[in-house]
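Listed below, chain by chain, are the residues.
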Amino acid sequence: MAKEQKAFECIRLVERQNKPRTSGLTYARDLGMGMKSLEAVLESSAEYIDILKLASFVPRMQSKKLIMDKVELCRKHSVDVGLGGALLEIALLQGPHVVKDFLKEVRDVGITHLEVCRQSVIIPLSHLLDLIGIVKDMGIHVLAEVGVAYGITPDEEVYVDEVKLIGTMKKCMEAGAWKVLLESEGITESRHKKDYRWDVVSKVANSFNLDDVVFEADDRDVYTRYITNYGPEVNLFVDHSRVMHLECSRRGGWGKHAVINRVATFYGFERREG
């Protein structure tokens, strides 16, 4: 299918990989959109969304038909669909048979990516790693979410065990996770800006191939800093309402921020369309 002409093509854009991308992924949160809202988002932004995340407990409150319709609509726009880890954690608390039924339904409705985490449930790491292997064996891509704090306020002190954090992320990758997702809470969320832990981000970034990590970065200044520090092809998780602004920042074209006219990519001497 011929590529649709963009407006104002006299203005050059920074080159980016076309979908399916291997880096520079945008993982976008959906907190319960209906079909009309999703259609509007995909009409404007589908080219820039790699995975739509059905987030929180919300999918349990919606009809199976709606979930399947959303998956099908996303598929038509070359957008994969993922599911946040909240429902899997609840299933874990309700027993192995519930986990089995839940994972089967995830696969049957066409969801291709699933977060595996222990934000609220208390289980041994070895059991979490076994679960990652089971989900992978079902043909579902695992995003292993790892963080330092959950449900905190900016004024709470947070102890960050960097060795444990990075070690857990590495073990999740070894167990078969497709990517690891660094939760922002306690690092660049629920903290005062002066207390952001960019030092922790740096240690994580230097411990992995960046293609294997997705960074939660919902605030504009935060994802712009990620682009400034690690380039436009860093994998980022944002709300669906941020997608277009994020892509503009990846292309170096948002005048308010430090990336304007500074972003570049280099794919060798054979020109690739961006």
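Structure report, in brief. Predicted model, so just to flag it, every value in this text is computed and none were measured.

### Here's the deal with the packing of aromatic side chains
Counting across every chain of the model gives 5 aromatic pairs. Here the aromatic rings of Phe215 and Tyr230 are separated by 6.3 Å at their centres, their planes lie at 5°, and the arrangement is stacked. Of this pair, Phe215 sits in strand β7 (residues 213–216) while Tyr230 sits in helix α8 (residues 220–230), and the two are 15 residues apart along the sequence. Tyr230 gets classed as partly exposed once you look at its relative accessible area, which sits at 24%. Across from the ring centre of Trp178, 4.7 Å away, lies the NZ or CZ of Lys179, which sits over that ring.

### Things to note about the side chain of Thr188
Structurally, Thr188 can be placed in the loop between β6 (179–182) and α7 (198–205). With a relative accessible area of 7%, Thr188 lands in the buried category.

### Remarks on unusual backbone geometry
Cis geometry marks the peptide bond from Lys19 to Pro20; its omega dihedral reads 0°. The topology assignment puts Pro20 in the segment before β1 (26–30). Positive phi, normally seen in glycine, also occurs at Ser56, with a value near 65°. By the element assignment, Ser56 lies in the loop between β2 (51–54) and α2 (64–76). Phi at Ser190 takes a positive value of approximately 55°, unusual for a residue other than glycine. Here Ser190 lies in the loop between β6 and α7.

### Considering the packing of α7 against α8
The interhelical angle for the contact between α7 and α8, taken along N-to-C directions, is 45°, at an axis separation of 12 Å. Our classification of the angle between α7 and α8 gives oblique. Relative to α8, α7 is oriented so that their crossing is right-handed. Taken together, the residues of α8 that come into contact with α7 (itself represented by Trp198, Val201, Ser202 and Ala205) are Val222, Arg225, Tyr226, Asn229 and Tyr230.

### Topic: the pairing of strand β8 (residues 235–239)
Along β8, 5 of the 5 residues are buried, which leaves the element largely enclosed by surrounding structure. The pairing of β1 with β8 spans 4 bridges and is classified as parallel. Following the sheet pairing, Arg29 is matched in β8 by Asp239. Where β7 and β8 come together, 3 bridges link them in parallel fashion.

Definitions and limits used
Residues numbered from 1 in each chain as written. Predicted model: local features only at pLDDT ≥ 70, side-chain atom pairs only at ≥ 80, totals over all residues. Heavy atoms only, no water. Phe/Tyr/Trp six-rings, centres within 6.5 Å; stacked < 30°, edge-to-face > 60°. Helix = DSSP H or I, 4+ residues; strand = E, 2+ residues; numbered from the N terminus. Buried < 20%, exposed > 50% of the residue type's maximum accessible area, 1.4 Å probe, protein only. Lys NZ or Arg CZ within 6 Å of the ring centre and 35° of its normal. Axes fitted to C-alpha atoms, helices over the stretch in contact; angles between N-to-C directions. Parallel < 35°, antiparallel > 145°, perpendicular 65-115°, else oblique. Left-handed = near helix turned anticlockwise from the far one by under 90°. Contact = heavy atoms within 4.5 Å. Pairing = 2+ DSSP bridges.

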